[in-house]
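What follows is the residue order along each chain.
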Amino acid sequence: MFKNKPTFLLKLVSTLLITSALTLSNASADALEDIKASGELKVGVFSDFPPFSSASADMSLKGYDIDVADYLASALGVKMVPVSVTGQNRIPYLNDARVDLLMSVGYSDERAEVIDYAAAYAPYYIAVIGPAALEVSSPADLEGKSVSVNRGTLEDTSLTEAAPENVDIKRFDNYNSVIQAFISGQTDLMVVGNDVGAGVLARQEDIKPEQKFQLLTSPSHIAVNKGETALKQAIDSAIASMLEDGKLNQSSENWLNTPLDPENLKD
């Protein structure tokens, strides 16, 4: 029936592939459009990360991250829906579209391969904390000591890179476990962000914990999936507005007990 069957089949396959690609492209809407259509902004947050996010007396999440997430949702005209994540599952949650964005993400080249970074919105540094009686002032002093850290986080990566070979790194799945291991004496030291560390320093008078040294200084960013340019631009615009009208500074003074210095939001 067809004089040149191979050519015909090639054209047919090509047409089907193009049609399929166009169909998939049309079916996959822009993330910002999806958010507005659903009326919800699903935000990945740590549920045990005070003062950025933690459960209040009524079991709702409160904190710096929640303030910012609420403002972002308001700017988009949708409802903010917090989704509890861990250091291990949060990037897969984002990549699988179980959340639309992530809060409190420190920059790393490795992460930048699988996510995009929107605006920095909070100052952040990673510190080694230990009892006042323990003399530690540099990574070399970690030799022979045990250190608790939250598995899969930037703290974990920073500690692993800096620690000598014979450091006993004990990894836990949440910050409460990291802190408890240190307070109970299971570990000599712990590695956490300045925000988590501040709470421990203020409450544990018996062991007189103190910051020994910093491993990394990096502001916290909001992360989105690769290629979501419209959503990233909307977030950047909202954060710029928060800086301009003082809302970000207000949240900083309320939750971090210090005015926000815009210079600390620079990588």
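Rules behind the numbers
- Residues numbered from 1 in each chain as written.
- Predicted model: local features only at pLDDT ≥ 70, side-chain atom pairs only at ≥ 80, totals over all residues.
- Heavy atoms only, no water.
- UniProt positions renumbered as here; feature names shortened; annotations may be inferred.
- Helix = DSSP H or I, 4+ residues; strand = E, 2+ residues; numbered from the N terminus.
- Expected span 1.5 Å × (residues − 1).
- Buried < 20%, exposed > 50% of the residue type's maximum accessible area, 1.4 Å probe, protein only.
- Arc of directions from axis to C-beta.
- Contact = heavy atoms within 4.5 Å.
- Core = buried A, V, L, I, M, F, W, Y, C linked by side-chain atoms within 4.5 Å.
- Axes fitted to C-alpha atoms, helices over the stretch in contact; angles between N-to-C directions.
- Parallel < 35°, antiparallel > 145°, perpendicular 65-115°, else oblique.
- Nonpolar A, V, L, I, M, F, W, Y, C, P; charged D, E, K, R; others polar.
- Pairing = 2+ DSSP bridges.
- 1 Å grid on protein atoms, 1.4 Å probe; cavity = no way out; pocket = protein on both sides within 12 Å on 5 of 7 lines; lining within 4 Å.
- Points joined across faces, edges and corners; volume = space filled by probe spheres on them.
- Domains from an automatic or database assignment.

As recorded in an unreviewed UniProt entry, the protein goes by the name L-cystine-binding protein FliY, listed as coming from Granulosicoccus antarcticus IMCC3135. Regarding the protein, the relevant UniProt record gives this comment under Sequence similarities (unreviewed entry): "Belongs to the bacterial solute-binding protein 3 family." Turning to the protein, the UniProt record has this under Subcellular location (unreviewed entry): "Cell envelope".

Q: It is not clear to me how helix H9 (residues 229-245) should be interpreted in this structure. Could you clarify?
A: In an α-helix there are 3.6 residues to a turn, and that puts residues three or four apart on one side. Between the first and last C-alpha of H9 there are 24 Å, a value that for 17 residues agrees with the 24 Å anticipated at 1.5 Å per step. Along H9, the positions that sit buried rather than exposed are Leu-231, Ile-235, Ala-238, Ile-239 and Met-242. Around the axis of H9, the buried residues are gathered within 100 degrees of arc, so they sit on the same side. Facing away from the buried surface of H9 by more than 90 degrees, the exposed residues are Gln-233 and Glu-244. Packed against the buried residues of H9 are helix H2 (31-38), helix H3 (64-76), strand E6 (101-105), strand E7 (115-122), strand E13 (220-225) and helix H10 (247-256).

Q: What's the story with the nonpolar core in this structure? I'm lost.
A: Soluble globular proteins tend to pack their nonpolar side chains together in the buried interior. Core analysis: the largest hydrophobic core is formed by 60 residues, its most contacted members being Val-68, Tyr-121, Ile-222 and Ile-239. The biggest single contributor to this core is H3, with eight residues.

Q: Looking at this structure, how should I read the packing of H2 against H9?
A: Each packed pair of helices is defined by two parameters, the angle between the axes and the distance between the axes. Axis separation between H2 and H9 bottoms out at 6 Å; the angle between their running directions is 70 degrees. In terms of axis orientation, H2 runs roughly perpendicular to H9. Where H2 approaches H9, its residues Ala-31, Leu-32 and Ile-35 are matched on the opposing element by Ala-230, Leu-231 and Ala-234. Partitioning the contact of H2 with H9 into residue classes produces six nonpolar, no polar and no charged.

Q: When you look at the sheet that holds strand E9 (residues 146-150) in this model, what are you seeing that I'm missing?
A: Whether parallel or antiparallel, the strands of a sheet pair through hydrogen bonds between backbone atoms. Taken in spatial order, the five strands of this open sheet run E10-E9-E11-E8-E12, and their pairing is mixed. The open sheet has two free edges, formed respectively by strand E10 (168-172) and strand E12 (209-217), since each of these has just one partner strand. This sheet shows a mean twist of 25 degrees between the axes of neighbouring strands, independent of strand direction. With five bridges joining them, E9 and E10 adopt parallel strand pairing.

Q: I would appreciate a short explanation of the environment of Leu-72 in the present structure.
A: You can see Leu-72 is positioned in helix H3. Between the alpha carbons of Leu-72 and Leu-41 there is a distance of 8.5 Å; along the sequence they are 31 residues apart. If near-sequence neighbours (up to four positions away) are discounted, Leu-72 is found in contact with Leu-41, Leu-101, Ile-222, Ile-235, Ala-238 and Ile-239.

Q: What should I look at first to understand empty space enclosed by the protein in this one?
A: Over the atoms, a rolled probe matching the size of one water molecule traces out where space is still vacant. Under the defined criterion, the tally for this structure stands at one cavity of 30 Å³ or more. Counted as a void, the largest cavity has a volume near 80 Å³. The wall of the largest cavity is formed by Phe-46, Phe-49, Arg-90, Ser-104, Gly-106, Arg-111, Tyr-124, Thr-153, Leu-154, Glu-155, Tyr-175 and Ser-220. Split into classes, the residues belonging to the lining of the largest cavity amount to five nonpolar, four polar and three charged. Here the lining of the largest cavity gathers at least three residues from each of two domains, domain 1 (31-124 + 219-265) and domain 2 (125-217).

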